[in-house]
Amino acid sequence: MDYGVTNSVLKGEYVAVVDHEKCDGCEEGVPKCLTRCSFGAIRFSPQVKKAFGDIQKCFGCGLCRGACRTGAIKLVERASIPTVTEVW
């Protein structure tokens, strides 16, 4: 993605969803989920100190979920979210 190569990886059956109640922004300034996402699907708002997932960009790899120490990120089935059901 960083070099403009597209259509080389297919999106998975899941997308990452952030639970804002559990997200604490990692309290260190740069959330670990943000640094783990290779697709630019995780955004961070310094004003509210929370991470936000862009399900349109998410490839469902789960790297962000593995980096989240509070368990605020979960993978849900792409088919369960109507706006991304056909976004592959």
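Residues numbered from 1 in each chain as written. Predicted model: local features only at pLDDT ≥ 70, side-chain atom pairs only at ≥ 80, totals over all residues. Heavy atoms only, no water.

Chemist: Can you help me understand the overall build of the protein in this one?
Modeler: What the protein contains, in helices and strands, is two helices and four strands. Against the compact-globule benchmark of 12 Å for 88 residues, the protein has a radius of gyration of 13 Å, which places it among compact chains. Projected onto its principal axes, the C-alpha positions of the protein cover 35 × 30 × 20 Å. Counting over 88 residues, the protein shows a buried share of 34%. (Helix = DSSP H or I, 4+ residues; strand = E, 2+ residues; numbered from the N terminus. Rg over C-alpha atoms; globule rule 2.2 N^0.38 Å. Buried < 20%, exposed > 50% of the residue type's maximum accessible area, 1.4 Å probe, protein only.)

Chemist: I would appreciate a short explanation of the pairing of strand S3 (residues 50-53) in the present structure.
Modeler: Walk down a regular strand and you will see the side chains alternate between the two sheet faces. The sheet contact formed by strand S2 (residues 42-45) and S3 spans four bridges and is antiparallel. Within S3, the position partnered with Ile 42 by the bridge is Gly 53. Connecting S2 to the next strand, S3, in antiparallel fashion are four residues, including Lys 49 with a positive phi near 55°. (Pairing = 2+ DSSP bridges.)

Chemist: Just to check I follow, could you spell out the nonpolar core for this structure?
Modeler: In this structure, Val 15, Cys 33, Ile 42, Cys 64, Ile 73 and Ile 81 are the most contacted members of the largest nonpolar core, which totals 20 residues. Where this core is concerned, the elements lending two or more residues are strand S1 (14-18) and strand S4 (73-77). A total of three residues in this core trace back to one element, the largest contributor, which is S1. With sequence-adjacent residues up to four places away left out, Cys 64 is seen in contact with Ala 16, Cys 33, Arg 36, Ile 42 and Ile 73. (Core = buried A, V, L, I, M, F, W, Y, C linked by side-chain atoms within 4.5 Å. Contact = heavy atoms within 4.5 Å.)

Chemist: What is the right way to read the side chain of Lys 11 from this model?
Modeler: For Lys 11, the position within the fold is in the segment before S1. In this structure Lys 11 is buried but unpaired, with Asp 54 as the nearest side chain of opposite charge at 7.8 Å. From its side chain, Lys 11 meets the backbone oxygen of Gln 56 in a polar contact 2.6 Å long. (Lys, Arg positive; Asp, Glu negative; His and termini not counted. Salt bridge = Lys/Arg side-chain N within 4 Å of Asp/Glu carboxyl O. Polar contact = N/O pair within 3.5 Å; in protein donor to acceptor, adjacent residues only side chain to side chain.)

Chemist: Would you mind going over the environment of Val 76 with me for this structure?
Modeler: Counting through the fold element by element, Val 76 comes out in strand S4. On the basis of relative accessible area, Val 76 is assigned to the buried category, the value being 18%. Non-local contacts of Val 76, meaning those with residues more than four positions away in its chain, are made with Glu 13, Tyr 14, Val 15, Val 17 and Ile 81.

Chemist: What exactly am I supposed to notice about the packing of aromatic side chains here?
Modeler: To describe a pair of aromatic rings, one takes the distance between the centres and the angle between the planes. Tallying each qualifying case throughout the model produces one aromatic pair. Ring centres of Phe 39 and Phe 59 lie 4.0 Å apart, and the angle between their planes is 15°; on these two criteria the pair is classed as stacked. Taken together, the positions of Phe 39 in the loop between helix H1 (32-36) and S2 and Phe 59 in the loop between S3 and helix H2 (63-67) put the pair 20 residues apart, joining distant regions of the chain. The class of Phe 59 is buried, set by a relative accessible area of 12%. Cation over ring: Lys 11 sits above Phe 59, and NZ or CZ is 5.3 Å from the ring centre. (Phe/Tyr/Trp six-rings, centres within 6.5 Å; stacked < 30°, edge-to-face > 60°. Lys NZ or Arg CZ within 6 Å of the ring centre and 35° of its normal.)

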